[in-house]
Amino acid sequence: MSVGETPVTVVGNLTDDPELRFTPAGVAMAKFTIASTPRTYDKNTGQWRDGTALFLRVTAWREMAEHVTESLTKGMRVVATGRLVQHNWQTPEGENRSMLGLDLDDIGPSLRFATAKVTRTQRPGQPTQTPAADPWSTAAPAPASAPAGGGFGQEPPF
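All of the points below concern the structure found in this document. Because the structure is a prediction, the values reported are computed rather than measured.

Reading guide: rules and limits
- Residues numbered from 1 in each chain as written.
- Predicted model: local features only at pLDDT ≥ 70, side-chain atom pairs only at ≥ 80, totals over all residues.
- Heavy atoms only, no water.
- Helix = DSSP H or I, 4+ residues; strand = E, 2+ residues; numbered from the N terminus.
- Buried < 20%, exposed > 50% of the residue type's maximum accessible area, 1.4 Å probe, protein only.
- Contact = heavy atoms within 4.5 Å.
- Areas by Shrake-Rupley, 256 points an atom, 1.4 Å probe, with all protein chains shown as cover.
- Core = buried A, V, L, I, M, F, W, Y, C linked by side-chain atoms within 4.5 Å.
- Polar contact = N/O pair within 3.5 Å; in protein donor to acceptor, adjacent residues only side chain to side chain.
- Pairing = 2+ DSSP bridges.

### Here's the deal with the overall build of the protein
From N to C terminus, the protein includes 1 helix and 8 strands. The secondary structure elements of the protein, listed N-terminal to C-terminal, are β-β-β-β-β-β-α-β-β. When burial is assessed residue by residue, the protein has 19% of its 158 residues classed as buried. Considering only contacts in the protein between residues 6 or more positions apart, those separated by 24 or more positions represent 56%. Summed over all atoms, the accessible surface of the protein reaches about 12300 Å², with 53% contributed by carbon and sulfur.

What follows is the structure, given as structure tokens:
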């Protein structure tokens, strides 16, 4: 994060499937929109009331762009963090326009009303880890003798 950038976290739903594109240099880029709608509870009516929705155009780059397009689909609730950016342009009629967007730093499904299964990916150029060295591995560890002095056994603490 650089000085002057505005970091934000947005919770909302994808309005469409992310679209994967590639720059002329071959860099992956995904574009999608997150709709975030505030809700307030009206004590008088006993009903929830939706506020004005914020539609934020999001851009993801490189491996994250590919992961987003493989993992997320229209309607999914996500938690996204990134840097708020403003895009300015002029229409062919000479009118000035602007739009806020989010350059994505991280994103994941919201687990408030859903579940997810996570698959860890191997980064390019990284050596493949053996199951014993990978702390995220679900493989059973190799048996080991209990440490002397009444130490901990192989059973998990929960």
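### Brief notes about the environment of tryptophan 48
With respect to the helices, strands and loops of the structure, tryptophan 48 is situated in strand E5 (residues 47-50). Take tryptophan 48: its relative accessible area is 52%, and that puts it in the exposed class. Those residues in contact with tryptophan 48 that lie beyond four places of it in its chain are Arg39, Thr40 and Tyr41.

### Concerning the nonpolar core
Membership of the largest hydrophobic core comes to 17 residues, with the highest contact counts inside it found for Phe32, Ile34, Val68, Leu104 and Ile107. Those elements that provide at least two residues to this core are strand E1 (6-14), strand E3 (28-36), strand E6 (54-61), helix H1 (62-71), strand E7 (77-90) and strand E8 (96-109). In terms of residues, this core owes the most to one element, E3, which gives 4 residues. What leucine 104 contacts, discounting residues up to four positions off in sequence, is Phe32, Val58, Thr59, Ala60, Met64, Val68, Ala80, Thr81, Gly82 and Arg83.

### Here's the deal with the side chain of threonine 59
Along the chain, threonine 59 falls in strand E6. A polar atom in the side chain of threonine 59 sits 3.1 Å from the side chain of lysine 31. Those residues in contact with threonine 59 that sit more than four places away from it in its chain are Met29, Ala30, Lys31, Leu102, Asp103 and Leu104.

### Describing the pairing of E6
Two elements, E3 and E6, share 8 bridges in a ladder whose sense is antiparallel. Bridging across to E6, serine 36 finds its partner in leucine 54.

### Digging into the pairing of E3
Most of E3 is tucked away, with 8 of its 9 residues classed as buried. Pairing of E1 with E3, which is carried by 2 bridges, proceeds in the antiparallel orientation. Each bridged residue has a counterpart across the sheet, and for leucine 14 the counterpart in E3 is isoleucine 34.

### Side note on the environment of serine 110
Looking at the element boundaries, serine 110 is found in the segment after E8. Classification of serine 110 by relative accessible area gives buried; the value is 11%. Considered as a pair, serine 110 and valine 79 are 31 residues apart in the sequence and their alpha carbons are 5.8 Å apart. Apart from the residues lying within four places of it in its own chain, the contact partners of serine 110 are Arg77, Val78 and Val79.

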